[in-house]
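Geometric and topological summary
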Amino acid sequence: GESVGLHLPTLSVQEGDNSIINCAYSNSASDYFIWYKQESGKGPQFIIDIRSNMDKRQGQRVTVLLNKTVKHLSLQIAATQPGDSAVYFCAEKSGGFKTIFGAGTRLFVKA
Amino acid sequence: GAGVSQSPRYKVAKRGQDVALRCDPISGHVSLFWYQQALGQGPEFLTYFQNEAQLDKSGLPSDRFFAERPEGSVSTLKIQRTQQEDSAVYLCASSPYTGPENTEAFFGQGTRLTVV
């Protein structure tokens, strides 16, 4: 069935280091994979997406990698800042209207 | 502000009460979504509107949940005879686009519903 899950519930990194958040998925028919950031008390905020026929996509300080062979998705954040502290969700869409979210990884940035 | 606005921010309801949650999407946004987010979990899809048409309501947990968007702008999510398991944050999101390539949605801050 459809599911999007995360390897680690919590990630702690030093300010200035790079962060890597991982995600596994099971639906091979997904068209898009998406990363959202959610700060405490706020709604999720779109970060970046990647189409299923791509392997890599870069944004501002973020890179998403897609490995379809092992059904793995990752979000890399360069030079992590205190403002990056939040819960990060991977999500997927497979042609319909709904976006299916995983459970989330909490990122702590240590000063 | 020009973001998605939800009201109330917090709602406490006694079990069995009916509640109505309001969403004001970004002006001109065609697509509107409702999600339910339990504590410590990711959002779960409830329903989708394209303008005033409810095109997908497959995520509504029971017939106690009802959503409408009569004029294609403001939307209301109504929960009848609330139960404790309805306690969650209800998120509304809007988007100017439609179709499967529509991946970016703009979320409101949510309404935290607590049923006691």
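Residues numbered from 1 in each chain as written. Chains lettered and ligands numbered in written order. Predicted model: local features only at pLDDT ≥ 70, side-chain atom pairs only at ≥ 80, totals over all residues. Heavy atoms only, no water.

1. Things to note about the sheet that holds strand β1 (residues 5-7) of chain B
Residue and element names in this part refer to chain B.
- In spatial order, the strands read β1-β3-β8-β7; together these four strands make up an open sheet with antiparallel pairing. If you trace the sheet from one side to the other, it starts and ends with β1 and β7 (65-68), each paired once. Pairs of neighbouring strands in the sheet enclose a mean axial angle of 15 degrees, with direction left out of account.
- Examined bridge by bridge, strand β3 (residues 19-24) and strand β8 (residues 75-79) share five bridges and lie antiparallel to one another. (Pairing = 2+ DSSP bridges. Helix = DSSP H or I, 4+ residues; strand = E, 2+ residues; numbered from the N terminus. Axes fitted to C-alpha atoms, helices over the stretch in contact; angles between N-to-C directions.)

2. Quick look at the pairing of strand β6 (residues 53-56) of chain B
- As paired elements, strand β5 (residues 44-50) of chain B and β6(B) share three bridges and run antiparallel to each other. What sits directly across from Y48(B), in β6(B), is D56(B).

3. A closer look at the pairing of strand β8 (residues 72-77) of chain A
Residues and elements named next belong to chain A.
- Inspection of the sheet shows strand β3 (residues 19-25) paired to β8 by six bridges, in the antiparallel sense. Looking at the pairing, C23 lines up with L73 of β8.
- Here six bridges tie strand β7 (residues 62-67) to β8, and the two strands are oriented antiparallel to one another. When the sheet's bridge partners are listed, L65 is paired in β8 with S74.
- In this antiparallel pair of consecutive strands, β7 and β8, the connection spans four residues, and K71 shows a positive phi of 55 degrees.

4. Remarks on the environment of V4(B)
Residue and element names in this part refer to chain B.
- Take V4: it is sitting in the segment before β1.
- On a C-alpha basis, the gap between V4 and V89 in space is 15 Å, while along the polypeptide they are 85 residues apart.
- V4 has contacts with C23, D24, P25, I26, C92, S94, F106, F107 and G108, leaving out every residue within four places of it along the chain. (Contact = heavy atoms within 4.5 Å.)

5. A word on the interface of chain A and chain B
- Contact residues are listed per partner, giving 20 residues for chain A and 25 residues for chain B.
- For the pair chain A and chain B, the summed buried area comes to about 1700 Å², and 57% of that belongs to carbon and sulfur atoms.
- Summed over the three residues of chain A that lose the most area to chain B, namely F97(A), K98(A) and F101(A), the buried surface amounts to 32% of that side.
- Taken together, the connections running from chain A to chain B amount to eight residue pairs in polar contact (both at pLDDT 80 or more).
- It is strand β4 (residues 32-38) of chain A that provides the largest number of residues to the side of chain A that touches chain B, a total of four residues.
- Residue composition of the side of chain A that touches chain B, by class: nine nonpolar, seven polar and four charged. (Buried area = accessible area lost by both parts, 1.4 Å probe. Polar contact = N/O pair within 3.5 Å; in protein donor to acceptor, adjacent residues only side chain to side chain. Nonpolar A, V, L, I, M, F, W, Y, C, P; charged D, E, K, R; others polar.)

6. Description of the pattern of salt bridges
- Counted according to the given criterion, the structure contains seven salt bridges over all chains.
- Between R61(A) and D84(A) there is a salt bridge, with its nearest N and O atoms 2.9 Å apart. With R61(A) in the loop between β6 (56-58) and β7 and D84(A) in the loop between β8 and β9 (86-93), the pair connects residues that are 23 residues apart, well separated along the chain.
- Put simply, E68(B) and K78(B) hold a salt bridge, and the shortest N to O gap is 3.4 Å. With a gap of ten residues between them, E68(B) in strand β7 and K78(B) in strand β8 connect regions that are remote in the sequence.
- K78(B) sits in the partly exposed class, given a relative accessible area of 33%. (Salt bridge = Lys/Arg side-chain N within 4 Å of Asp/Glu carboxyl O. Buried < 20%, exposed > 50% of the residue type's maximum accessible area, 1.4 Å probe, protein only.)

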